[in-house]
Amino acid sequence: MSHNEANPSEPASQEEMIPPIGSISLCPADHADAEAFAALRILAMRESLERIGRFDPQRARERFLSGFVPEFTRHILVDGSRAGLVVVKPDDEGLVLDHLYVDPHYQGRGVGAAVLAEVFAEADRQRKPLRVTALRGSDSNRFYVRHGFTLVREAEWDNYYLRPAMG
């Protein structure tokens with residue numbers, strides 16, 4: 001019996017209120033997805049950018065749209081519903097995890113970890129290193145370190161991470 005069933009006058013715990021994640025899948029994006037993805041980026045990054053005093057939704061939108069390449073972009077779906085996006089681009093040094101944004105409603109429920117595991121598998125099949133950049137002060141820094149990235153450089157606003165080629 002859950003806590004609030006025993007005492008209906010008390011709210012459910014945070015853990016009880018979050019339903020379990022079902023099926024997670026990735027599907028291709030196209031040009032028509034650009035605006036929705038830009039809005040998701042703003043939603044997902046807002047808290048981190050506000051924390052460091054750099055939240056500017058117009059700048060965030062323009063920055064995302066200027067580099068949007070549908071061929072490297074995929075929807076993250078949870079039970080068929082859009083829960084985020086992931087962008088992995090090839091470059092001369094391997095692969096770049098350019099964007100991984102999970103809708104705040106789905107954060108903390110294993111979605112990002114599941115997507116990252118798929119991205120790692122792709123990099124491993126290609127025997128390529130994977131790089132990612134994270135905003136300094138963002139919770140994503142702990143996420144990337146926890147999942148095996150190594151900090152290789154710090155700059156004024158960003159941290160740069162590397163996961164060497166495996167396989």
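Given the structure is predicted, the values throughout are model-derived calculations rather than measurements.

Scoring rules and cut-offs
- Residues numbered from 1 in each chain as written.
- Predicted model: local features only at pLDDT ≥ 70, side-chain atom pairs only at ≥ 80, totals over all residues.
- Heavy atoms only, no water.
- Helix = DSSP H or I, 4+ residues; strand = E, 2+ residues; numbered from the N terminus.
- Contact = heavy atoms within 4.5 Å.
- Areas by Shrake-Rupley, 256 points an atom, 1.4 Å probe, with all protein chains shown as cover.
- Phe/Tyr/Trp six-rings, centres within 6.5 Å; stacked < 30°, edge-to-face > 60°.
- Buried < 20%, exposed > 50% of the residue type's maximum accessible area, 1.4 Å probe, protein only.
- Lys NZ or Arg CZ within 6 Å of the ring centre and 35° of its normal.
- Salt bridge = Lys/Arg side-chain N within 4 Å of Asp/Glu carboxyl O.
- Core = buried A, V, L, I, M, F, W, Y, C linked by side-chain atoms within 4.5 Å.
- pLDDT = per-residue confidence, 0-100.
- Polar contact = N/O pair within 3.5 Å; in protein donor to acceptor, adjacent residues only side chain to side chain.
- Pairing = 2+ DSSP bridges.

1. Some words on the overall build of the protein chain
Within the protein chain, the secondary structure is distributed over six helices and seven strands. Written out in order from the N terminus, the α and β elements of the protein chain read α-α-β-α-α-β-β-β-α-β-α-β-β. When contacts within the protein chain are restricted to residue pairs at least 6 apart in sequence, long-range pairs at least 24 apart make up 58% of them. Surface exposure of the protein chain reaches about 9,700 Å², of which carbon and sulfur atoms provide 51%.

2. Re the packing of aromatic side chains
Inspection of the entire model under this criterion finds six aromatic pairs. Ring plane angle 70° and centroid distance 5.3 Å describe the contact between phenylalanine 143 and tyrosine 144, whose orientation is recorded as edge-to-face. Here phenylalanine 143 matches tyrosine 144 in class, with each residue buried. Members of the aromatic cluster, connected to one another through ring pairs, are Phe120, Phe143, Tyr144, Phe149 and Tyr161. If you follow arginine 163 out to its NZ or CZ, it ends over the ring of phenylalanine 120, 4.0 Å from the centre.

3. Regarding the pattern of salt bridges
Tallied over the entire structure, the rule returns ten salt bridges. Linking aspartate 91 and arginine 131 is a salt bridge whose minimum nitrogen-to-oxygen distance equals 1.8 Å. Placement of aspartate 91 in strand β3 (residues 81-91) and of arginine 131 in strand β5 (residues 130-135) is noted, with a sequence separation of 40 residues between them. A residue is classified by how much of its surface remains accessible, and aspartate 91, at 29% relative accessible area, is partly exposed. You can call arginine 131 partly exposed: its relative accessible area is 25%. We note a salt bridge from arginine 131 to glutamate 93, for which the minimum N-O separation is 4.0 Å.

4. Structural notes on the nonpolar core
Grouped together as the largest cluster of nonpolar side chains are 23 residues, with contacts concentrated most on Ile76, Val86, Leu97, Leu100, Tyr144 and Phe149. The greatest single-element share of this core, amounting to six residues, is contributed by helix α5 (residues 111-126). Once you skip the residues sitting within four places of it in the chain, leucine 100 turns out to touch Ile76, Leu85, Val86, Gly112, Val115, Phe143 and Tyr144. Counting residues in hydrophobic clusters, the runner-up holds 14 residues, among them Ala34, Ala44, Phe68 and Leu85.

5. A word on the confidence of the model for the protein chain
With 87% of its residues at a pLDDT of 70 or more, the protein chain has an overall mean of 87. Mean pLDDT across the secondary structure elements of the protein chain bottoms out at helix α1 (residues 3-6), with 39, and peaks at strand β6 (residues 150-154), with 98. In the model, residues 1-17 has pLDDT below 50 throughout and makes ten contacts with residues more than four positions away in sequence or in other chains.

6. Here's the deal with the environment of valine 115
Topologically, valine 115 is positioned in helix α5. Exposure remark for valine 115: the relative accessible area of 2% places this residue in the buried category. For valine 115 and isoleucine 76, which are 39 residues apart along the polypeptide, the C-alpha to C-alpha distance reads 7.7 Å. With residues up to four places along the chain from it excluded, the contact list for valine 115 reads Ile24, Leu26, Ile76, Val86 and Leu100.

7. Structural notes on the side chain of asparagine 159
Relative to the assigned elements, asparagine 159 resides in strand β7 (residues 158-163). According to the relative accessible area criterion, asparagine 159 is buried, its value standing at 7%. Only 2.9 Å separates the side chain of asparagine 159 from the side chain of asparagine 141, close enough to count as a polar contact. The contact partners of asparagine 159, leaving out residues within four places of it in the chain, are Val132, Thr133, Ala134, Arg136, Asn141, Leu151, Arg153 and Glu154.

8. Topic: the pairing of strand β4 (residues 94-102)
Burial analysis of β4 places eight of its nine residues in the buried class, which makes it a mostly covered element. As paired strands, β3 and β4 are joined by eight bridges and run antiparallel to one another. Its bridge partner being in β4, valine 86 is matched across the sheet by leucine 100. Following β3, the chain reverses through two residues before pairing antiparallel with β4. Relative to β5, β4 runs parallel, the two sharing three bridges.

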